Amino acid sequence: MTALSPDEIERYARHIVLREVGGPGQVRLKGARVLVVGAGGLGAPLIQYLAAAGLGTIGIVDDDTVSLSNLQRQVIHGTPDIGRPKVESAAQAVARLNPHVRVETHAARLDPGNAEALIAAYDLVADGSDNFSTRYAVSDACYRARRPLVTAALGQFDGSLTTIRAHETGADGRPNPTYRCLFPSPPPAGSVPTCAEAGVLGALAGLMGSLMALEVIRAVTGFGEPLVGRLLMVDARSLRFETLSYAWDPGNPLNGTEA
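Computed from a prediction, not measured in an experiment: that's the story for all the values here.

1. Quick word on the UniProt feature "domain: THIF-type NAD/FAD binding fold" (unreviewed entry) in the chain
Step number 1: Mapped onto this numbering, the UniProt entry annotates "domain: THIF-type NAD/FAD binding fold" (unreviewed entry) at residues 12-245.
Step number 2: With 36% helix and 19% strand, the stretch residues 12-245 has end C-alpha atoms that lie 34 Å from each other.

2. Observations concerning the pattern of salt bridges
Step number 1: Tallying each qualifying case throughout the model produces 12 salt bridges.
Step number 2: Among the ionic pairs, E225 bridges to R230, the shortest N-O distance being 3.9 Å.
Step number 3: Looking at E225, the relative accessible area reads 55%, which means it is exposed.
Step number 4: The exposure class assigned to R230 is partly exposed, which follows from its relative accessible area of 22%.

3. Quick notes on the packing of aromatic side chains
Step number 1: Going through the model one piece at a time under the given rule, you end up with 2 aromatic pairs.
Step number 2: Their ring planes at 75° and their centres at 5.2 Å tell us that Y136 and Y179 sit as a pair that is edge-to-face. A residue pair is termed long-range when its members are at least 10 positions apart, and Y136 in helix α7 (residues 132-145) and Y179 in helix α8 (residues 179-182) qualify at 43 residues.
Step number 3: Feature note: the residues Y136, Y179 and F183 constitute an aromatic cluster, connected by ring pairs.
Step number 4: Positioned above the aromatic ring of Y122 is the side chain of R33, whose terminal nitrogen or guanidinium carbon lies 4.6 Å from the ring centre.
Step number 5: Seen from the ring of F132, R135 lies directly overhead, with NZ or CZ sitting 4.9 Å from the centre.

4. Some points on the packing of helix α3 (residues 22-31) against helix α10 (residues 202-221)
Step number 1: At a minimum axis separation of 9 Å, α3 and α10 run at an interaxial angle of 110°. Between α3 and α10, the angle is such that the two are roughly perpendicular. In this structure, α3 uses G25, R28 and L29 to contact α10, whose residues at the interface are I217, V220 and T221.

5. Brief notes about the pairing of strand β4 (residues 124-127)
Step number 1: Neither face of β4 is left uncovered, since the one carrying L124 and A126 and the one carrying V125 and D127 both have all their residues buried.
Step number 2: In the sheet, strand β1 (residues 33-37) pairs with β4 via 4 bridges, with the strands oriented parallel. Within β4, the residue paired with V37 across the bridge is D127.
Step number 3: As paired elements, β4 and strand β5 (residues 149-154) share 3 bridges and run parallel to each other. Note on β5: the bridge partner recorded for V125 is L149.
Step number 4: Between the parallel pair β4 and β5, the chain is carried across by α7, and the sense of this crossover is right-handed.

6. Things to note about the sheet that holds β4
Step number 1: Pairing is mixed in the open sheet, where 8 strands are placed in the order β3-β2-β1-β4-β5-β6-β7-β8. In the strand order of this sheet, the two ends are held by β3 (102-106) and β8 (240-245), each with one partner. Mean inter-strand twist for the sheet, computed between neighbouring axes without regard to direction, equals 15°.
Step number 2: Of the pairings in the sheet, the one linking strand β6 (residues 158-164) to strand β7 (residues 230-235) comprises 4 bridges and is antiparallel in character.

7. What about unusual backbone geometry?
Step number 1: Positioned with a positive phi, R146 is a non-glycine residue whose angle comes to about 60°.
Step number 2: Position of R146 relative to the elements: it lies in the loop between α7 and β5.
Step number 3: With relative accessibility at 52%, the residue R146 sits in the exposed group.
Step number 4: The backbone phi angle of L239 is positive, close to 50°, even though this residue is not glycine.
Step number 5: Mapped onto the elements of the fold, L239 is located in the loop between β7 and β8.

8. Digging into the side chain of N252
Step number 1: With respect to the helices, strands and loops of the structure, N252 is situated in the segment after β8.
Step number 2: A polar side-chain atom of N252 sits 2.7 Å from the main-chain carbonyl oxygen of D249.
Step number 3: Side-chain polar atoms of N252 contact the backbone nitrogen of L254, separated by 2.9 Å.
Step number 4: Look past the residues within four positions of N252 in its chain and what remains in contact with it is T178, C181 and A259.

Calculation rules
Residues numbered from 1 in each chain as written. Predicted model: local features only at pLDDT ≥ 70, side-chain atom pairs only at ≥ 80, totals over all residues. Heavy atoms only, no water. UniProt positions renumbered as here; feature names shortened; annotations may be inferred. Helix = DSSP H or I, 4+ residues; strand = E, 2+ residues; numbered from the N terminus. Salt bridge = Lys/Arg side-chain N within 4 Å of Asp/Glu carboxyl O. Buried < 20%, exposed > 50% of the residue type's maximum accessible area, 1.4 Å probe, protein only. Phe/Tyr/Trp six-rings, centres within 6.5 Å; stacked < 30°, edge-to-face > 60°. Lys NZ or Arg CZ within 6 Å of the ring centre and 35° of its normal. Axes fitted to C-alpha atoms, helices over the stretch in contact; angles between N-to-C directions. Parallel < 35°, antiparallel > 145°, perpendicular 65-115°, else oblique. Contact = heavy atoms within 4.5 Å. Pairing = 2+ DSSP bridges. Right-handed = clockwise from strand over helix to strand, strands pointing away. Polar contact = N/O pair within 3.5 Å; in protein donor to acceptor, adjacent residues only side chain to side chain.

Encoded structure:
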């Protein structure tokens, strides 16, 4: 890996003095490649904090353009960006924030046909997409490409976050759970209202996106305990945080006993 320049040492000084990160951890961040799925409510703060942390290469996949209604929560974009592709707006914001970070833009919709090829080019994936078809395409492709996945979701006043490392085994020798161990199949179409239909609290998206960035940085540098087999649930009405444990399901179609 490339050593840190004097400018980078000063920029990341508050990381480097952390015993759990230090110079070696910061060098690992510089050498990492992370794919962010979605440059929206979750992806916006996630991308900003990854860039500020000095993550070497951030891939951004999104096929949408910036609209006025996005700006209540998608803080990486601004009013002059309305009508621009989100990947372009996000890349420009990263360049302003940290010139040491490389951005690779993918102005496309991630689907089962292109997911594995996109994901294979990165070390880790962070999924902030807003629809179930993309979430399942991402999680399935991460398993096949043997890539860790940090995935989060938003409701009106609630959010959830977990880390999937289904290509690895746990301390007990059993496979780690897949996304399908937690949510076996998507809900029926139309049963869950979209963000446009139900609304979402803007600051909640910032909170959950920041937690995603923390989990990505943890995965790269190796400090602490990741959310593998644990689902973090946030209730913004009462500002309550709860963690639900979940385990490998032998019947899941990816790494189950009959897969």
